[in-house]
Amino acid sequence: MASMSDFARVILAFIIVYVVLPVAAGRRKGADESLFHTTVRVFLLTSAFFVCTVSGLGRLRLALPPIIILTYVVWLLGLSLTSGRLTLHRSGDLQPAFRLRLASFAAKIRLMILSVPHVRLFDLIRLSPLPGYLVLLLFAATCQRAAFALGNLHFPAVDGYSRAMSLHLLNAGELWQPNVSVTLLSPVVLLSGLTPETVIRFVDPVFSVCLILAVGACVFRWTGRLWTVCIACSLAAVAPLAAANADAAASAQAVMCGTYLMLAFAAIGRSSAAALAAVAIAAVSNPSSFQPLAAPLGSGFFAVAIGKVFSTQVRSGLHNFIAACCCVMCGVLLLADVRQGPNDGPFQYESAARACDAISRNFSRNSWLVVSTTYELPFIYQRGWHLELLDFVSKQRPEDVARPDFRFPYQVRHLFLFVERRPVLPQICLNCWQWSLNVAQTFDPALLAYVSPRGRGSLSFNAAELVAAYQRTHDDLTVFYSDDNLTVYHVRLLT
Amino acid sequence: MSHPKCLHPELSDGIWSPPLDVADLATRLEAEGVTPAVARAKHGFADVWAMAEAWFPKLQAVPSPRKKDPAPQRKWPEYLRGMSFGLPLLLSCVAMLWLHFSLWGGNLPTETATAVGAGSITSFVLTGGFVQVMARRGLFYLGTKQFERCWRSTWFWVRACFLTNLCFVLLFTMVNLYFGWLPNPLGPVAMSFCVCLGVYWLATGILYMLDQYLLVSVSSLLGISAVVALHTAFGVELLPAQLIAILFASCLAFLMAAAVLKKRALGVRSVQIDGPVNRQFSMLWPYFAYGTLYYFFLFSDRLLAWTAHTNTASLVLAFRGEYELASFIGLLAFILQAGWVHLATARFYKNVRLNQASINVYDRGTFNRNMLRFYAWQAGVFFPAALLVSVSIYTCARMLHVFPGELVDHVAAWALAGYPFLVFGLWNVSLLFGLSRSSCALQAIASACCANLVTGYLASRLGGYELAVSGFTCGAIVFAVVAGRHCVETFRRLDYYYLAAAI
């Protein structure tokens, strides 16, 4: 339930920041621009704005919440000015004009509230059923894409951990690792009120659905026909099912790149600035592989092609029927494929991530220290302290901790020690080919300890040995969490 | 039948002078409500002109009542009156030193102190605008002896402020649940203090409006006594005891204010017509905005300091005791300097009346130049004295080893440097309000807030949290400069603005 509400918050924050407010500000007054084109244009321009601004502020270590909010407000005001919704003129009539606007806005709200009881549900969408099928398809795609994120706290790829940490550091005004998706998500974190790792976890499915919408937008731009949009979206939605073993890390970046590429095609001929912005974002997102994009892009071009070829040769009723069937079949396929994915690994047990979440929620901020591998850090950053397990076992000796007068030298009230009973690597990650390394040429002790099977195993063994030695002579150690894979020990330090 | 007062010098409280001509007398009669119909029906004349012509010869022979010599202006009582707002603060400091707690605040854990501090600051910001507006309308009605309307207007603004506070508390509770800024029970503690202190500021604001400064101190003293009784004698926990005592002190203050108003209203009947609310709002919104922004300006440097570099703290807000100590030292100087505002404003009104009476209407330039000279003289006298006060307090604090460290020393120095500018700006704003130039005052405080926020935020984030005080000093300087500029522009055409303010 908490995951569902967090997911809803991320979606809502994303839509408000990138769609609702910019469209409200950027809708050209009196001009002949459809809502669809306005949405595409302002979405792309707002994305480019955030990429540039947040990157610049991040370099100055000033990407702090009030500054980002202020720059966003300035952006919205700028959009309003350029769209003609706001005018800057010095006159004595400003106060009466403002009061008139306020009065008319209040009247509109009042009319809206009064009209709600008189509107029947289906009158709200005075359209053919096709948009309804499209919405159902998108809902099914959202469920399928978000299944892993809803059921798991940990990330399926190392990219998730690094992006989460980068977002933490960016919002805290620290040195961060530049990344396009991180700059785009900074305002979403602020508005959603969630932690960066939660936002990163849920935003990958959001961008996957955005890719489907982007394919549809591109097709609509070039055909203007809803049935081709339905076919394109259906094919784009089921394409990843065919690539069952796609690399998750490569997918996330590639999906974002693909989304902006397709939106660039959708903006061509309507707004050159928006199209250029989209191409620039796609270029700097720098995916390691374009393979995951092949199917969605292909389905888009295929839909455009059949739209151009068959639009006049087949009756519209048949078009709509085929499109509806496509949506339904693909929706069923997506719902059938809903799976939460492996619960553990390849870098962290799910229980370790959940333990970190429980500690963050149940203990006061910064009153506790977690001793674990690096992968727990994004789940506790800015809420508690973290000490690398390697540093911990290097500095403590069993004979020292076994002394009755020994006290851990940490100025916190609670210490949590994560000990893997079964090291995460390499049993689970059998296909982690990218982690093969040449031990003779690797000087990083952390890499050896965390990534190599023997290193991870010996680390866990040393930690367990320390715990056993401490437990013999101290009674302030309890088990906070335990299962077959992981045990979390809790030591009360300061009272 | 009752005759108009202009026909009876003995009823005029010493301000009557013989009419210049028949037209002057007719104007006076019409100003007292004698229309042609009234002149015909009640006084037996054909019209107002006939009545004036009949009475004019009689009144010309009447000598003007002897005018009383204006009482000499007493400087020190006025100065002490200006400083009297600091008496409750002094009582709180004594209580804190002696008992280790006061009407709010005390020896609390850091997190609880943060919540109480946040609630206190919020109560100031939320009620500031309402108190300003309530006082503006109340003083107008008191000055025109409309005590019943004063009562009703004051009560209206008290209710409006209380409802606003409640709405804010509800909104903050929802937002706090969403963003998780203050965990339980700190959120409810902060909001409780916000509501209770808001009521207390309203009650004491009414007493200040009625010039009952001593009664404010009395209510503060009784409130502190109630905390002592509840916490020490009855063993109630400190926070609930303080909340109860604050409400008790507020009730006392309300009762005292009601008694004073009722006493003044005895035997005075007033018209029971109220203007439309939207017209009142359009007149009063600059005062409301000023009141809100003023308190926001006063406390924003604290908020910036409390929110800077809190990555290692237990909350996103962290109460900084050293910063508070340094701010308190600056506040001592502010109390001593602020007494001059009352004195200088009283001098302004005395000077403007004297100049107005002694200068011909065709010599307005001289009037404006005289007043501009007065303004420059007051500014020239104030700044050296204020700086001397700041330096003296700083020096005394150093000699008495009040500063526990370099940080407190640094913050106190910046605060002491900024308060003279703040006081100067306040004097300018009081003149601007007196001359009904509220938008100029609003511009000054808005500019000050922007300067405070930008400078304080950047300084505290790029440097240490103690650098937030530089925002306050910068903002105070901007406040003084902008308000001073508007004042100088006003004084250059004082004849026009003084007349416009009187209409």
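Caption draft 1: View of the overall build of chain B. Scanning chain B for helices and strands turns up 17 helices and 0 strands. Overall, chain B is about 85 × 45 × 40 Å in size when its C-alpha atoms are taken along their principal axes. Burial statistics for chain B: of 503 residues in total, 48% are counted as buried. Of the accessible surface of chain B, which amounts to about 24,800 Å², a share of 67% is contributed by carbon and sulfur atoms. Once the 36 positive and 24 negative side-chain charges of chain B are each reduced to a mean point, those two points are 5 Å apart.

Caption draft 2: Representation of a nonpolar patch on the surface. All names here are of chain B. On the surface, Leu-87, Leu-90, Val-94, Trp-98 and Leu-214 cluster together into a nonpolar patch covering about 570 Å² of accessible area. The greatest single-element share of the nonpolar patch, amounting to 4 residues, is contributed by helix α5 (residues 87–99). Its relative accessible area of 68% is what places Trp-98 among the exposed residues.

Caption draft 3: Focus on the environment of A:Phe461. Within the secondary structure, A:Phe461 is located in helix α19 (residues 453–473). Distance from A:Phe461 to A:Val419, taken between C-alpha atoms, is 8.3 Å for residues 42 residues apart in sequence.

Caption draft 4: Seen up close, the packing of helix α2 (residues 35–59) of chain A against helix α7 (residues 180–192) of chain A. All names here are of chain A. Interhelical geometry of α2 versus α7 gives an angle of 100° and a closest axis separation of 8 Å. Relative to α7, the element α2 is oriented roughly perpendicular. Two secondary-structure elements touch here, α2 through Ser-47, Phe-50, Val-51, Val-54 and Ser-55 and α7 through Val-180, Thr-183, Leu-184, Ser-186 and Pro-187. Tallied by class, the residues present in the contact of α2 with α7 amount to 6 nonpolar, 4 polar and no charged.

Caption draft 5: Molecular detail of the pairing of strand β3 (residues 414–420) of chain A. Residue and element names in this part refer to chain A. Among the 7 residues in β3, 7 count as buried, and that is most of the element. Two strands pair when backbone bridges link them, and β3 and strand β5 (residues 486–492) are joined in this way by 7 bridges, in the antiparallel orientation. When the sheet's bridge partners are listed, Phe-416 is paired in β5 with His-490.

Caption draft 6: Highlighting the domain arrangement of chain A. Residue and element names in this part refer to chain A. In terms of domains, chain A is made up of domain 1 (2–13 + 121–336) and domain 2 (350–492). Here domain 1 packs against domain 2, burying approximately 1,300 Å² in sum over the two surfaces, 67% of which is carbon and sulfur. Across the domain 1-domain 2 interface, the total number found is 1 salt bridge. The shortest N-O distance in the salt bridge between Arg-383 and Glu-197 comes to 2.9 Å. Linking domain 1 with domain 2 are 5 residue pairs in polar contact (both at pLDDT 80 or more). The leading source of residues in the side of domain 1 that touches domain 2 is helix α6 (residues 158–171), at 6 residues. Partitioned by chemical class, the residues of the side of domain 1 that touches domain 2 number 8 nonpolar, 5 polar and 2 charged.

Caption draft 7: Local environment of the nonpolar core. If you look at the biggest cluster of nonpolar residues, it comprises 252 residues, and the most contacted ones within it are A:Tyr260, A:Phe418, B:Tyr290 and B:Leu422. For this core, the leading source of residues is helix α8 (residues 186–209) of chain B, giving 16 residues. If sequence neighbours within four positions are ignored, B:Tyr290 has contacts with B:Gln132, B:Leu426, B:Val429, B:Phe433, B:Ala441, B:Leu442, B:Ile445 and B:Phe479. In this structure, A:Val393, A:Val419, A:Leu459 and A:Leu466 belong to the second largest nonpolar core, which totals 26 residues.

Caption draft 8: Inspection of the packing of aromatic side chains at higher detail. Residues and elements named next belong to chain B. In the structure shown here, the tally under the stated rule is 64 aromatic pairs over all chains. When the centroid spacing of 6.3 Å and the interplanar angle of 20° are considered together, the rings of Phe-168 and Phe-172 count as stacked. Taken together, the residues span about one helical turn, with Phe-168 and Phe-172 both in helix α7 (residues 147–179) at a distance of 4 residues. Look at Phe-168 and you get partly exposed, because its relative accessible area is 25%. In this structure an aromatic cluster arises from ring pairing among Trp-340, Phe-348, Tyr-349, Phe-374, Tyr-375, Phe-382, Phe-383, Phe-421, Phe-424, Trp-427 and Phe-491. Looking at Lys-262, its charged tip hangs above the ring of Trp-151, at a distance of 5.0 Å from the centre. Positioned above the aromatic ring of Tyr-496 is the side chain of Arg-493, whose terminal nitrogen or guanidinium carbon lies 4.7 Å from the ring centre.

Caption draft 9: Just the interface of chain A and chain B, in detail. Contacts between chain A and chain B engage 17 residues on the former and 15 residues on the latter. Its largest share of buried area at the contact with chain B, chain A owes to A:Arg9, A:Leu62 and A:Arg365, together 35% of the area lost on that side. Taken together, chain A and chain B are joined by 0 salt bridges. The interface formed by chain A and chain B holds 10 residue pairs in polar contact (both at pLDDT 80 or more) in total. If you list the elements that add at least two residues to the side of chain A that touches chain B, you get α3 (65–83), α4 (94–115) and α7 of chain A. Residues that form the side of chain A that touches chain B fall into these classes: 8 nonpolar, 5 polar and 4 charged.

Caption draft 10: Structural detail: the pairing of strand β1 (residues 368–372) of chain A. Residues and elements named next belong to chain A. Of all 5 residues in β1, 5 are buried; the element is thus mostly enclosed. Bridging between β1 and strand β2 (residues 385–388) involves 4 bridges; their strand directions are parallel. What sits directly across from Leu-369, in β2, is Trp-385.

Caption draft 11: The state of the cysteines, seen in detail. In the structure shown here, the tally under the stated rule is 0 disulfides over all chains. The cysteine B:Cys167 is free of any disulfide, with B:Cys161 supplying the nearest cysteine sulfur at 11 Å.

Caption draft 12: Structural detail: α6(A). All names here are of chain A. The first and last C-alpha atoms of α6 sit 20 Å apart over 14 residues, in line with the 20 Å expected at 1.5 Å per residue. Burial analysis of α6 places 12 of its 14 residues in the buried class, the great majority of the element. Every buried residue of α6 is listed here: Asp-159, Gly-160, Tyr-161, Arg-163, Ala-164, Met-165, Ser-166, Leu-167, His-168, Leu-169, Leu-170 and Asn-171.

Caption draft 13: Representation of the packing of helix α15 (residues 438–462) of chain B against helix α16 (residues 468–492) of chain B in the model. All names here are of chain B. Relative orientation of the contacting elements α15 and α16 amounts to 160°, with a least axis distance of 7 Å. In terms of axis orientation, α15 runs roughly antiparallel to α16. The crossing of α15 and α16 is right-handed. Side by side, α15 and α16 meet where Cys-440, Gln-443, Ala-444, Ile-445, Ser-447, Ala-448, Ala-451, Asn-452, Thr-455, Gly-456, Ala-459 and Ser-460 of the first sit next to Ala-468, Ser-470, Gly-471, Phe-472, Cys-474, Gly-475, Val-478, Phe-479, Val-482, Ala-483 and His-486 of the second. Of the residues assigned to the contact of α15 with α16, the class counts are 13 nonpolar, 10 polar and no charged.

Caption draft 14: Representation of the environment of B:Arg302 in the model. All names here are of chain B. Following the sequence through the fold, Arg-302 ends up in helix α11 (residues 277–307). By relative accessible area, which is 13% here, Arg-302 ends up buried. Taking the C-alpha atoms as reference, Arg-302 lies 9.1 Å from Phe-472; in sequence the two are 170 residues apart. Among residues more than four places away in sequence, those in contact with Arg-302 are Ile-121, Tyr-323, Glu-324 and Ser-327. There is a polar contact of 2.8 Å between the side chain of Arg-302 and the side chain of Glu-324.

Caption draft 15: Expanded view of the domain arrangement of chain B. Here chain B is described as being made up of domain 1 (5–60), domain 2 (99–274) and domain 3 (285–503). Here domain 1 of chain B and domain 3 of chain B have C-alpha centroids that lie 49 Å from each other.

Caption draft 16: Representation of unusual backbone geometry. Note that the residue after B:Asn184, namely B:Pro185, is joined by a cis bond; omega there is 0°. Its place among the elements puts B:Pro185 in the loop between α7 and α8. In this structure, A:Gln382 takes a positive phi of about 70° despite not being glycine. Locating A:Gln382 in the fold gives a position in the loop between α15 (377–380) and β2.

Caption draft 17: Region of interest: the side chain of B:Ser123. All names here are of chain B. Within the secondary structure, Ser-123 is located in helix α6 (residues 110–143). The class of Ser-123 is buried, set by a relative accessible area of 0%. With residues up to four places along the chain from it excluded, the contact list for Ser-123 reads Phe-193, Cys-194, Leu-197, Gly-198 and Trp-201.

Caption draft 18: Seen up close, the confidence of the model for chain A. Per-residue confidence for chain A gives a mean pLDDT of 82, with 80% of residues at or over 70. The model gives residues 426–434 of chain A a pLDDT under 50, and that stretch makes 6 contacts with residues more than four places away or in other chains.

Definitions and cut-offs
- Residues numbered from 1 in each chain as written.
- Chains lettered and ligands numbered in written order.
- Predicted model: local features only at pLDDT ≥ 70, side-chain atom pairs only at ≥ 80, totals over all residues.
- Heavy atoms only, no water.
- Helix = DSSP H or I, 4+ residues; strand = E, 2+ residues; numbered from the N terminus.
- Buried < 20%, exposed > 50% of the residue type's maximum accessible area, 1.4 Å probe, protein only.
- Areas by Shrake-Rupley, 256 points an atom, 1.4 Å probe, with all protein chains shown as cover.
- Lys, Arg positive; Asp, Glu negative; His and termini not counted.
- Charge placed at Lys NZ, Arg CZ, Asp CG, Glu CD.
- Patch = residues over 30% accessible without salt bridge, like charges linked within 9 Å, V, L, I, M, F, W, Y side chains within 5 Å.
- Salt bridge = Lys/Arg side-chain N within 4 Å of Asp/Glu carboxyl O.
- Axes fitted to C-alpha atoms, helices over the stretch in contact; angles between N-to-C directions.
- Parallel < 35°, antiparallel > 145°, perpendicular 65-115°, else oblique.
- Contact = heavy atoms within 4.5 Å.
- Nonpolar A, V, L, I, M, F, W, Y, C, P; charged D, E, K, R; others polar.
- Pairing = 2+ DSSP bridges.
- Domains from an automatic or database assignment.
- Buried area = accessible area lost by both parts, 1.4 Å probe.
- Polar contact = N/O pair within 3.5 Å; in protein donor to acceptor, adjacent residues only side chain to side chain.
- Core = buried A, V, L, I, M, F, W, Y, C linked by side-chain atoms within 4.5 Å.
- Phe/Tyr/Trp six-rings, centres within 6.5 Å; stacked < 30°, edge-to-face > 60°.
- Lys NZ or Arg CZ within 6 Å of the ring centre and 35° of its normal.
- Disulfide = S-S within 2.5 Å.
- Expected span 1.5 Å × (residues − 1).
- Left-handed = near helix turned anticlockwise from the far one by under 90°.
- pLDDT = per-residue confidence, 0-100.

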